[in-house]
Amino acid sequence: MDATLAPSANVGEPAQPWGDVERLKWRLQQTRQRRYEDGVLRAVDQLRERFDVSTYGEVVYGDERYPLRAVRSAQWDGGLPGVLITGGVHGYETSGVQGALRFLQERAQRYAGHINWLVAPCVSPWAYERIHRWNADAVDPNRSFRDASPAQESAALMRLVQPFEGQFVAHIDLHETTDTDESEFRPALAARDGLAFEPCTIPDGFYLVDDAHNPQPAFQQAIIEAVERVTHIAPPDAQGQLIGSPLVDRGVIRYAFKPLGLCAGITGALYTTTTEVYPDSPSASPEQCIQAQVAAIEAAIEFVLAQRAA
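Residues numbered from 1 in each chain as written. Predicted model: local features only at pLDDT ≥ 70, side-chain atom pairs only at ≥ 80, totals over all residues. Heavy atoms only, no water.

**Some thoughts on the overall build of the protein chain**
For clarity, the threshold we go by: Numbered from the N terminus, helices here are DSSP runs of H or I no shorter than four residues, and strands are runs of E no shorter than two. Computation of the radius of gyration draws on C-alpha atoms alone. For the globule rule, the value is 2.2 Å times the number of residues to the power 0.38. Residue exposure (1.4 Å probe, protein chains only): buried if accessible area is under 20% of the type maximum, exposed if over 50%, otherwise partly exposed. Any two residues having at least one pair of non-hydrogen atoms within 4.5 Å are treated as being in contact. In short, Shrake-Rupley with a 1.4 Å probe defines the accessible areas, and a residue's cover is counted only from the protein chains shown. When charges are counted, neither His nor the chain ends are considered; positive counts come from Lys and Arg and negative counts from Asp and Glu. Charged side chains are reduced to one point each, which is NZ for Lys, CZ for Arg, CG for Asp and CD for Glu.
On a plain count of helices and strands, the protein chain comes out with nine helices and 10 strands. By the compact-globule yardstick of 19 Å for 310 residues, the protein chain fits well, its C-alpha radius of gyration being 19 Å. If one aligns the C-alpha atoms of the protein chain with their principal axes, the spans along those axes are about 60 × 50 × 35 Å. Across the 310 residues of the protein chain, 55% fall into the buried class. Summarising the internal contacts of the protein chain: among those between residues at least 6 apart in sequence, 76% fall at separations of at least 24. If you sum the accessible surface of the protein chain, you get close to 13,300 Å²; carbon and sulfur atoms cover 49% of it. Looking at charge distribution, the protein chain has the averaged site of its 27 positive side-chain charges lying 5 Å from that of its 41 negative ones.

Right, dumping it as structure tokens:
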């Protein structure tokens, strides 16, 4: 779809930020395309016999109510390093949700007694159902991890994590970069904020976002090397950039996590990263994208364990 014709970009008047009327009009354009209960809650419920499953909050929009589920190690040992895994902060990024669930289903048990892990597989259920980046208030949860957050989803996750302050050594936040970022979501962002849309190039392949205020290049490269066995790593564009940011290492760019209100900045962990897979690539299948997320999780955990053993 031509980015200039993105439906959300046609809400409101050019160069005028949205108000309540425009946000409501935008919300009414969004339709449910899949069920959170079917894709997430049922899968989580099947894990109850093996792990500790809890409800850490509820997202409410009108008469729609979404329980938020988290899964953690069956035996939480205060002497072990903690790893936080989050998916579905942007609800449309399917492999992040499915990658977190796949890790729980197939790989998590092998780390029992070695680490403590906490997984929030789908942070934004309303957006998961609409296959959208924003929540129902046209707010991006991944710019809302801050005090007095404007996003229910972000505030709930911060409340979940708060009692574990100081216990997490690593946090891996699972994301995707898709063609709809350019055709729909970035034009919608420009329209919402009354700005001109400036086109950008979508990277073809997997890449990572490191924390500009706490760079950990060895950690990032350990993940890149593991994921490369599953799918290809995104090359830089002609300007040496990925998604408008300078490449700092192979497959790695940097953002300032906390100032931008990004999920990967909520724990203060030493090792943090945001994964980005490209499900629209002709060289990667949806299954490869899920496997890439699982490979990234395991590489992060193995790195933490290796540092602990050193």
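There is more to say after this.
**Regarding the packing of aromatic side chains**
For any pair of aromatic rings, the description consists of the separation of the ring centres together with the inter-plane angle of the planes. Selection criterion: The pairing test for Phe, Tyr and Trp rings, Trp by its six-membered ring, is centres within 6.5 Å, and the orientation test on the planes gives stacked under 30 degrees, edge-to-face over 60, and tilted for anything in between. Over a ring means this: the NZ of a Lys or the CZ of an Arg is within 6 Å of the ring centre and within 35 degrees of the ring normal.
The full count for this structure, using the stated rule, is 16 aromatic pairs. Aromatic pair W76 and F168: ring centres 6.4 Å apart, planes at 85°, arrangement edge-to-face. With W76 in the loop between β2 (64-72) and β3 (82-87) and F168 in strand β5 (residues 168-176), this pair connects stretches of sequence that are 92 residues apart. Among the residues examined, F168 registers a relative accessible area of 7% and is labelled buried. Ring centres 5.2 Å apart and planes at 35° place the aromatic pair F219 and Y271 in the tilted group. Taken together, the positions of F219 in helix α7 (residues 217-227) and Y271 in strand β10 (residues 271-277) put the pair 52 residues apart, joining distant regions of the chain. Across the ring face of Y128, the terminal group of R34 is positioned such that the distance to the ring centre comes to 3.9 Å.

**Describing the packing of helix α2 (residues 36-45) against helix α3 (residues 94-107)**
Filter applied, for reference: A fitted line through C-alpha atoms represents every axis, and for helices the fit uses only the stretch in contact; the resulting angles, taken between N-to-C directions, go from 0 to 180 degrees. By definition in this entry, angles of less than 35 degrees are roughly parallel, angles greater than 145 are roughly antiparallel, angles of 65 to 115 are roughly perpendicular, and the rest are oblique. If you view the pair so one helix is near and one far, a crossing is left-handed when the near helix is turned anticlockwise from the far one by less than a right angle, and right-handed when it is turned clockwise. Three residue categories are used. Nonpolar comprises Ala, Val, Leu, Ile, Met, Phe, Trp, Tyr, Cys and Pro, charged comprises Asp, Glu, Lys and Arg, and polar comprises the others, including Gly.
At a minimum axis separation of 11 Å, α2 and α3 run at an interaxial angle of 15°. Our classification of the angle between α2 and α3 gives roughly parallel. With respect to the hand of their crossing, α2 and α3 are arranged in left-handed fashion. Of the residues in α3, those touching α2 at G39, V40, A43 and V44 are V97, Q98, L101 and Q105. Of the residues belonging to the contact of α2 with α3, the class tally is five nonpolar, three polar and no charged.

**Quick look at the packing of α7 against helix α9 (residues 286-309)**
Interhelical geometry of α7 versus α9 gives an angle of 140° and a closest axis separation of 8 Å. What the angle tells us is that α7 and α9 run oblique. The element α7 and its partner α9 pack so that their crossing is right-handed. Packed against α7, whose contacting residues are A218, F219, A222, I223, A226 and V227, the element α9 presents A292, A295, A296, A299, A300 and F303 at the interface. Grouping the amino acids of the contact of α7 with α9 by side-chain chemistry returns 12 nonpolar, no polar and no charged.

**Details of the sheet that holds strand β1 (residues 52-61)**
Cut-off, in case you're wondering: Pairing between strands is defined by DSSP: at least two bridges between them are needed.
Sheet architecture is open: eight strands sit in the order β1-β2-β4-β3-β5-β10-β6-β9, paired in mixed fashion. If you trace the sheet from one side to the other, it starts and ends with β1 and β9 (252-255), each paired once. Taken over all neighbouring pairs, the strand axes of this sheet differ in orientation by 20° on average, direction set aside. Here β5 pairs with β10 via seven bridges, running parallel. Bridge assignment links H175 to a residue of β10, and that residue is E276.

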